[in-house]
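Residue strings, one per chain:
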Amino acid sequence: MNGDELRFERGFEVYAKGTHKSEFDSNLFDSGSDPIWVAIREEAKLEAEKEPILSSFLYAGILAHDCLEQALGFVLANRLQNPTLLATQLLDIFYGVMMHDKGIQSSIRHDIQAFKDRDPACLSYSSAILHLKGYHALQAYRVSHKLWNEGRKLLALALQSRISEVFGIDIHPAARIGEGILLDHGTGVVIGETAVIGNCVSILHGVTLGGTGKETGDRHPKIGEGALLGACVTILGNISIGAGAMVAAGSLVLKDVPSHSVVAGNPAKLIRVVNEQDPTLGTKYDATKEFFRHVADGYRGAHSNGSSVSAGDTKKGHTNCTA
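The following refers to the structure shown. (Residues numbered from 1 in each chain as written. Predicted model: local features only at pLDDT ≥ 70, side-chain atom pairs only at ≥ 80, totals over all residues. Heavy atoms only, no water.)

**Re the overall build of the protein**
Applied cut-off: Segments assigned H or I by DSSP are reported as helices when at least four residues long, segments assigned E as strands when at least two residues long, and all are numbered from the N terminus. Partly exposed residues are those whose accessible area sits between 20% and 50% of the maximum for their type, while under 20% is buried and over 50% is exposed, using a 1.4 Å probe and protein chains only. Two residues form a contact once any of their heavy atoms are found within 4.5 Å.
Broken down by element type, the protein carries 10 helices and 15 strands. In the protein, which comprises 323 residues, the proportion classed as buried is 52%. Looking at the protein alone, contacts between residues at least 24 apart form 54% of all its contacts between residues at least 6 apart.

Shown next, in the form of structure tokens:
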């Protein structure tokens, strides 16, 4: 990963890895077509017919707008407004960034595709843009990150504060986050100032990417592409979570995690290294699957023999989302 040049290359269906090709083709978007926005409008029209009581809501949030950026800016401004930071002011901020930044325009589409593909509770594209606070917080962060990089740090921090108050998700505007991100539920997520998150990462609620309190400067975790961070995972310090790694719910991670591995526990211990082509990872994230029963058995075994993740185990590398 190189600075802010965190690019999404291919979509994938499951939380960790998969074989699903994203329906969103960025080449179509670059050529002037926008299939996701077309789908959002069609969904809103159908929902307005099925639920007339929501027709005004759907019109104001989606159908009154000409593009995804306008609709998303309107939704975010109305969610984040308060008596001293007015919706009209926020609308100007969001429009000013999203309507002119091609990188953010790409990211908001790859993110919404990630929610649609990988969150079973996401019923449609329109439900993500209207209702899912994980998606809202992520896109508002992207605007604050742009403002931070432009030197408008006080405004960026003001946005961070409102995002935290409204959505319960605290992302420092200096953190660097790739595309195709799933922030599932999102409640309680904390992402520190120098954290870096690669493309296609899935993060469940309660995850902390924090410092140890003993460091200054670059002090937060680096998350590789395609990683899965389970609910209430805590990762502390300037350590690396390898590409495609899976961190089980409730784990405390203090050392580097190898690519394509599964870790669990407090502190986290290595359960197994997963072959990149392992077909069990092509299933939906489902704790009833045989794979996760093996993980639980491995975790019990790790406690018995005391094996743990060490920095020397880490395999440095780069992985793409599979297509």
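**Side note on a nonpolar patch on the surface**
Definition in use: For patch detection, residues must exceed 30% relative accessible area and be free of salt bridges, and they are connected within 9 Å for like charges or within 5 Å for nonpolar side chains (Val, Leu, Ile, Met, Phe, Trp, Tyr). Each accessible area is a Shrake-Rupley result for a 1.4 Å probe, and residues are judged covered by the shown protein chains and nothing else. Definition used for salt bridges: Asp or Glu carboxyl oxygen within 4 Å of a side-chain nitrogen of Lys or Arg.
Among the surface-exposed residues, Ile-53, Leu-54 and Phe-57 lie close enough to one another that they form a single nonpolar patch of about 310 Å² accessible area. Secondary-structure assignment places Phe-57 in helix H3 (residues 55-63). Exposure remark for Phe-57: the relative accessible area of 38% places this residue in the partly exposed category.

**What to know about helix H8 (residues 133-149)**
This is how the line gets drawn: An expected span of 1.5 Å times one less than the residue number is assigned to each helix.
Between the first and last C-alpha of H8 there are 24 Å, a value that for 17 residues agrees with the 24 Å anticipated at 1.5 Å per step. Taken across its 17 residues, H8 has 14 buried, putting it largely inside the fold. With its phi angle positive at about 85 degrees, Gly-151 sits one or two positions after the end of H8.

**Considering the environment of Ile-112**
With respect to the helices and strands, the residue Ile-112 is situated in helix H6 (residues 102-118). What makes Ile-112 buried here is its relative accessible area of 0%. Separated by 76 residues in the primary sequence, Ile-112 and Ile-36 place their C-alpha atoms 8.6 Å from one another. Ignoring any residue separated from it by four or fewer positions in sequence, one finds Ile-112 in contact with Ile-36, Ile-40, Tyr-125, Ala-128, Ile-129 and Tyr-135.

**Here we look at the sheet that holds strand E10 (residues 234-236)**
Definition in use: For two strands to pair, DSSP has to find at least two bridges joining them.
The parallel open sheet is built from five strands, whose spatial order is E1-E4-E7-E10-E13. Lying at the two open borders of the sheet, with one neighbouring strand each, are strand E1 (170-171) and strand E13 (252-253). Sheet analysis places E10 next to E13, joined by two bridges and oriented parallel. Bridging across to E13, Thr-234 finds its partner in Leu-252.

**Things to note about the sheet that holds strand E8 (residues 222-223)**
Spatially, the four strands line up as an open sheet ordered E2-E5-E8-E11, and their pairing is parallel. Edge strands, defined here as strands with exactly one partner in the open sheet, are strand E2 (176-177) and strand E11 (240-241). Relative to strand E5 (residues 196-197), E2 runs parallel, the two being bridged by two bridges. Bridging from a neighbouring strand, Ile-177 pairs with Ile-197 of E5.

**Examining the packing of aromatic side chains**
For clarity, the cut-off: Only the six-membered ring of Trp is used, alongside the rings of Phe and Tyr, when aromatic pairs are assigned; centres must lie within 6.5 Å, and planes under 30 degrees apart are stacked while those over 60 apart are edge-to-face, with the rest tilted. Put simply, a charge is over a ring when the Lys NZ or the Arg CZ is close to the ring centre, within 6 Å, and near the line of the ring normal, within 35 degrees.
Taken as a whole and judged by the stated rule, the model has one aromatic pair. In this structure, Lys-116 is placed above the aromatic ring of Tyr-125, and the distance from its NZ or CZ to the ring centre is 5.4 Å.

**With respect to the pattern of salt bridges**
Within this structure, the stated rule accounts for nine salt bridges. A salt bridge links Arg-219 to Glu-193, with the shortest nitrogen-to-oxygen separation between them at 2.8 Å. Note that Arg-219 is positioned in the loop between strand E7 (208-210) and E8 and Glu-193 in the loop between strand E4 (190-191) and E5, a separation of 26 residues in sequence. Taking the relative accessible area as the measure of exposure, Arg-219 reaches 21% and is therefore partly exposed. Taking relative accessible area as the criterion, Glu-193 reaches 26% and is therefore assigned partly exposed. Taking the shortest distance from any N to any O, the salt bridge between Lys-222 and Asp-218 comes out at 2.7 Å. For Asp-218, a relative accessible area of 42% puts it in the partly exposed group. If you follow the salt bridges from partner to partner, you end up with Asp-34, Glu-69 and Arg-109 in one network.

**Digging into the pairing of strand E15 (residues 269-273)**
Where strand E14 (residues 261-264) and E15 come together, four bridges link them in antiparallel fashion. Pairing of Val-263 across the sheet is with Leu-270, part of E15.

**So, unusual backbone geometry**
Cis rather than trans, the peptide bond between Asn-266 and Pro-267 has omega equal to 0 degrees. Residue placement: Pro-267 occurs in the loop between E14 and E15. In this structure, His-185 is a non-glycine residue whose phi angle is positive, near 70 degrees. Tracing the chain through its elements places His-185 in the loop between strand E3 (182-183) and E4.

**Structural notes on H3**
Put simply, the rule is: The arc refers to the directions leading from the helix axis to the C-beta atoms.
Taken as a whole, H3 has its buried residues at Leu-58, Gly-61, Ile-62 and Leu-63. Considered in projection along H3, the buried side chains sweep an arc of 140 degrees and stay on one side of the axis. For H3, the exposed residues lying more than 90 degrees away from the buried face are Ser-56 and Tyr-59. Where H3 is buried, its residues meet helix H2 (35-50), helix H4 (68-80) and helix H7 (125-131).

No statement about biological role is implied by the geometric values presented.
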